[in-house]
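# Structural characterization, general
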Amino acid sequence: MRFACFFAMMLALLPWMGHAQDTFTATGTVRSADASQNNPALQGVSVTLKGSNAGTTTDQSGRFSIEAPSTGAILVFNYLGYETREVSVSAGQSIDVLLSPVDQQLEEVVVVGYGTQRKSDLTGSVGLVSGKELLQAPVTNALQGLKGRVAGVNVFLNSGSPTSSPRILIRGLGTINSSSNPLFVVDGVVMENIQFLNPNDIERMEVLKDASSTAIYGARGANGVVLITTRRGASVNGTIVGYEGFMNVGVLPRKLDVLNAAEFMEVLERGFANHSKYRTSNIPAFTRNDPRLFDAQGNPLYDTDWQEEATRTAMSHNHQFSVQTKGDNSSFGAFLNYADMQGIMLRSDLERINGKVAYDAKPKDWLSLGVNLLANYTRDNETEEGGGHQMPRRSMLEMPPIFPVKFPDGTWSNSSMITDLYGLEAIPNPVHVLETQDRIRKRQQLFGNAYLTFHILPGLDLRTQFGFDKHDTNIQEYSPTDLINISAPLGSARLENQQSFYWQEETYLNYNTEIGDHRINSVLGLSWQQRVYQGNWITAQGFADDFFRFNAIQSASQPGAPGSSHDKWAMNSYFLRGSYSYKNRYLLTVTGRVDGSSRFGENNKYGIFPSAGLGWVLSEEPFLSDAAGLDELKIRSSYGITGNTEIPTYQSLGTISTSTTLLNGTRVSQSYINRLPNPNLEWEKTNQFDVGFDLALFNRRLNASFDYYYKLTTDLLLDKPVPTSTGFQGVRDNIGSVSNRGIELMLSGTPVANDVFGWQSTLNFNFNKNRIEALGENDEDIFPGPNWVSGSQTILRVGEPLSSFWGYRRLGIWGTDEADEAAAVGAIPGVAKRSSERQIIGNGLPDWMGSFVNNVRYKNFDLTVDVQFVFGVDILQQFTHSMEDRTGYSNGLAATLYDSWTEDNQNTMIQQIRNGPYTGQNSEVDDHWVADGSYIRGNLISLGYNFGGVSLNRLNLKGLRIYASVQNAFLIKSDDFKGYDPEATSWGGDQWGQNIFFHQYPNPRTFTLGTSFQF
């Protein structure tokens, strides 16, 4: 409260500060000196009073107003892409300032591995996203804002839970058992998990996609590299204090069409009536007698909408405070973030506190130094999202609607609390689970680095830096004694602690120089990295009641055996890169890295990862120098080799496991070998070829970038069969290969740009074709799971893509005129007619993904419309098994009543209603479960207002914006898809699990109000 009063008082005094001396109001207009665009006014130009902290920005008409001393006043004008100007002003004078544009494409610098390069000198494929673009939507996850921003980068959000982590694939999936995640490098330090990195701290992201750009990271670059630069001190002298914040409301955008109470009872009754068609055994008579659930006429007393009861209107808020300063020889930035995010499912939430400081200085002409430290704390109560268990994301759809949330006496209901003999599956009601089960995760992260840069000679620097990433996770879980089919009657508790510590030390030389027409950018260095992990856990069952929960696990009568784990890996590396440009026309980049990793076999500890890139800037050639409207045309190509080391540790060794066993009635410890050694085990290698061009036309009003790539990943890590006489089933070896080939295209344009109205538009899309090229010596099929109904639901087969769905074809439903034919295969009319053999029935990786983003400005208003699309992909709707193919166990889709087979409705793909518990079920994975996963999503619609220069000057602010937005505004999808959202998975740990899900956490529609200001 004291701080709030002080803060309010300071804001009130700000407009009056600075009037102690004789001043006047300097006014004027700032325009572009680019005559080809009729000298347009420039909005957002920084106008500062030299030698002070006073400043403002220009409004939509380029106008500004600022208080200045009567004598000796000099104004400094800064604007991205334009030269900085200093102008003297005096009382009574209104000035018109022209800023000259620099060739931004030539001068723009991008971050690459261990340094920076001019964008015009790049021979590789690099995507750039600014922090402003990442935060156009009010995101709380660093990867959410990246979705749709870079061609060739597929971000799958998969869940609406605040604790979920998006999946990111760069240029396709190229591995089976190793991680497919790109390497994340934050301020030069590898960050293991960026799920909880504060996106407000991000200044920019560079995505390295091809081998020319990623080979500098060698054995860790095969899946692409995401370089993240975070905010530091101010860029101009003075102090800037800022605030960014928003509040939002999330709602369930749609409900699945499930049976209501009356419809559910009709399905049950029909199932009982059809029993004699399938079984000769007797079953109980169908009744509606339970007085807690039915009235005297047998009508249900309750009609519970479980989707409504298990979800809520989620209220979230996010606040970011920043202080950035800059002096003559140093800069400092401090950032504090607090976020409280609710999920739309009850008690699903995430709270985050994040603090960051950065200091950079140049105390001597020959020395620069800096430190960067981030501390992050999160606490969340997560909702289980994997597999097909009796968890709320499932039970809120399958819990019969005839049950209430609670009975009048306050007792939680469940599906077993009925006297009528329906044979219902034991289902805990989802509200009971959500309100009483704890799945708490507390995470603490310390991350940072420190560097010294020695300026040895002009253009020659030696930099040494040390960085670390430390994670501590505490897991606390408790399931009460009354959750049937989950933890009843014993209850269960689990406590787990996980700690990991990663460090790296890197020292390298940078040499940058220009000699006439020649420009050289080079780096040479070495690196050491190490990660140590340890964990311990304990579980218990047998709680007398739910009073202690996980807080006194010793009170359980059935404690589980405690466990612990430890692993460690290390790498030693040497790297170099040389880039050469001649006359800004001819470009060459050569990169190499040697990596040694402890994860691989004794005979293959070190690997070499080279690459080369070529570029030709045709627009600099004399024969195109006078081409009308041509600003840039660059052709580039690259080839290189990168690796993937991201496998569990000790895979090349013969490892020993321990456990306990009973011997003569006494529990004793035992040890056994659980893996055969393979001293030749090495990393997966990706050979990548890329060719593309960059084009700019009409004073860069129209820009295009195109790439074609071919990636071949060899030495895939798989388990190779060995003779059973060894006592083992297989040994981990390099025996497979996968290819990805595709195209990427990004088009951006500015159709309109004037003082009043502006319109910028960006279209990007990418096409990728994935194919398995080899699987061991005999190319035999592999069935990796998930193993559920009908066994493995995916297949690895040479010539087919990863994530291929494996099942039967549903040819229809046997009709009454096919009774004899059906009987020959043991079926009857009303049962699914399927192919005799299983086959590939779909694929979960999309062919096409992209976005269409439009930014429109009218005076001080700005509008963003972001539409994203996916085509050429399938979804395996596993929930069809329990909500359509096996009626009688639980609630299901309304289609089971209205579209199922009857003698009067035989032209359908839905089987006849039966009572599964007594009559049996007919459920197999087939293509009726598969739906078209293509969609068009209104990802973001945002409307903002930027206060102009005069208003800001009166408030003594440097910037003020307010906005309102809606995320997930609309969704156009296939009618065949029956779930909440076509972008999901219930098998996040499996590479092939994309777009395979039993049930999902719904993706909310979110309405936001936000603001940001600086002073």
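Remember, predicted model here, so these are calculated numbers, not experimental data.

Turning next to the overall build of the protein. When you go through the protein residue by residue, the secondary structure sums to 13 helices and 52 strands. Relative to the globule expectation of 31 Å for 1015 residues, the C-alpha radius of gyration of the protein, 32 Å, shows essentially globular dimensions. Projected onto the principal axes, the alpha-carbon positions of the protein cover approximately 105 × 65 × 65 Å. Within the protein, buried positions represent 54% of all 1015 residues. Expressed as a percentage of contacts within the protein between residues at least 6 apart in sequence, the contacts between residues at least 24 apart total 71%. For the protein, the exposed surface amounts to about 42200 Å²; the carbon and sulfur share of it is 55%. Each charge sign in the protein was given a centre, from 82 positive and 105 negative side chains, and these centres are 4 Å apart.

Read from one edge of the open sheet, three strands run β4-β1-β7, paired in mixed fashion. Taken across any chain shown, the strands that pair with only one partner, and hence form the sheet edges, are β4 (63–69) and β7 (94–99). Geometrically, the sheet is characterised by an average inter-axis angle of 35° between neighbouring strands, direction not taken into account. Alignment of strand β1 (residues 23–32) against β4, held across seven bridges, turns out to be antiparallel. Of the residues in β4, the one forming a bridge with Ala 26 is Ile 66.

This next bit is on the pattern of salt bridges. A complete count under the given rule lists 52 salt bridges for this structure. For Arg 441, the salt bridge identified is with Glu 477, shortest N-O distance 2.8 Å. Of this pair, Arg 441 sits in strand β22 (residues 438–457) while Glu 477 is found in strand β23 (residues 460–479), placing the two residues 36 residues apart along the sequence. Across the pair, Glu 477 and Arg 441 agree in class, each one buried. Salt-bridge contacts for Arg 531 lead to Asp 567; the nearest nitrogen and oxygen are separated by 3.8 Å. Of this pair, Arg 531 sits in strand β25 (residues 518–541) while Asp 567 sits in strand β27 (residues 563–582), placing them 36 residues apart in sequence. You can call Arg 531 buried: its relative accessible area is 15%.

Read across the sheet, three strands follow the order β39-β40-β43 without closing on themselves; strand pairing throughout is antiparallel. Two strands lie at the open edges of the sheet, namely β39 (794–795) and β43 (839–843), each paired on one side alone. Bridge analysis of β39 against strand β40 (residues 804–807) gives two bridges, and the strand direction is antiparallel. By the bridge assignment for β40, Thr 794 is matched with Phe 805.

Our next topic: helix α5 (residues 261–273). End to end, α5 covers 19 Å across 13 residues, agreeing with the expected 18 Å (1.5 Å per residue, within 8%). Looking only at α5, the buried set comprises Ala 261, Glu 263, Phe 264, Met 265, Val 267, Leu 268, Gly 271 and Phe 272. Structurally, the start of α5 carries an N-cap: the backbone nitrogen of Ala 262 is 3.2 Å from a side-chain oxygen of Asn 260.

Quick look at a nonpolar patch on the surface now. Taken together, Val 756, Phe 757, Trp 759, Tyr 858, Phe 861, Leu 863, Ile 941, Leu 943, Phe 970 and Ile 972 make up a surface patch of nonpolar side chains, about 830 Å² in accessible area. Taken together, the elements giving at least two residues each to the nonpolar patch come down to β36 (757–775), β45 (861–871) and β48 (935–946). Since its relative accessible area comes to 32%, Phe 970 is described here as partly exposed.

With that out of the way, let us pick up the packing of aromatic side chains. Summed over all chains, the structure comprises 31 aromatic pairs. A centroid spacing of 5.3 Å and a plane angle of 70° characterise the contact between Tyr 114 and Tyr 508, whose relative ring orientation is edge-to-face. Pair noted here: Tyr 114 is in the loop between β8 (109–112) and β9 (115–118) and Tyr 508 is in strand β24 (residues 492–515), with a separation of 394 residues, a long-range link. Its relative accessible area of 7% is what places Tyr 114 among the buried residues. Among the aromatic side chains, those forming a connected cluster through ring pairs are Tyr 114, Tyr 217, Tyr 508 and Phe 575. Taking the ring centre of Trp 412 as reference, the NZ or CZ of Lys 406 above it sits at 4.4 Å. Above the ring of Tyr 451, the side-chain terminus of Arg 463 is found at 4.0 Å from the ring centroid.

Turning to the pairing of β1, a few remarks are in order. Two strands pair when backbone bridges link them, and β1 and β7 are joined in this way by six bridges, in the parallel orientation. Paired with Arg 31 across the bridge in β7 is Leu 98.

A separate point is unusual backbone geometry. For the bond running from Ala 488 to Pro 489, omega is 0°, close enough to zero to count as cis. Mapping Pro 489 onto the fold places it in the loop between β23 and β24. Looking along the chain, the bond that leaves Gly 785 and enters Pro 786 is cis, with omega of 0°. Structurally, the position occupied by Pro 786 is in the loop between β36 and β37 (787–788). Although it is not a glycine, Ser 790 sits at a positive phi angle of roughly 70°. Within the secondary structure, Ser 790 is located in the loop between β37 and β38 (791–792).

So, about the environment of Tyr 278. Here Tyr 278 is to be found in the loop between α5 and α6 (306–310). The exposure class assigned to Tyr 278 is buried, which follows from its relative accessible area of 15%. Distance from Tyr 278 to Val 789, taken between C-alpha atoms, is 21 Å for residues 511 residues apart in sequence. Excluding residues that lie within four positions of it along the chain, Tyr 278 makes contacts with Ile 828, Pro 829, Gly 830, Val 831, Gln 912, Arg 914 and Thr 919.

Let us look at the environment of Met 849. Tracing the chain through its elements places Met 849 in strand β44 (residues 848–858). Judged by relative accessible area, which is 7%, Met 849 ranks as buried. On a C-alpha basis, the gap between Met 849 and Ala 151 in space is 8.5 Å, while along the polypeptide they are 698 residues apart.

Procedures and definitions
- Residues numbered from 1 in each chain as written.
- Predicted model: local features only at pLDDT ≥ 70, side-chain atom pairs only at ≥ 80, totals over all residues.
- Heavy atoms only, no water.
- Helix = DSSP H or I, 4+ residues; strand = E, 2+ residues; numbered from the N terminus.
- Rg over C-alpha atoms; globule rule 2.2 N^0.38 Å.
- Buried < 20%, exposed > 50% of the residue type's maximum accessible area, 1.4 Å probe, protein only.
- Contact = heavy atoms within 4.5 Å.
- Areas by Shrake-Rupley, 256 points an atom, 1.4 Å probe, with all protein chains shown as cover.
- Lys, Arg positive; Asp, Glu negative; His and termini not counted.
- Charge placed at Lys NZ, Arg CZ, Asp CG, Glu CD.
- Pairing = 2+ DSSP bridges.
- Axes fitted to C-alpha atoms, helices over the stretch in contact; angles between N-to-C directions.
- Salt bridge = Lys/Arg side-chain N within 4 Å of Asp/Glu carboxyl O.
- Expected span 1.5 Å × (residues − 1).
- Polar contact = N/O pair within 3.5 Å; in protein donor to acceptor, adjacent residues only side chain to side chain.
- Patch = residues over 30% accessible without salt bridge, like charges linked within 9 Å, V, L, I, M, F, W, Y side chains within 5 Å.
- Phe/Tyr/Trp six-rings, centres within 6.5 Å; stacked < 30°, edge-to-face > 60°.
- Lys NZ or Arg CZ within 6 Å of the ring centre and 35° of its normal.

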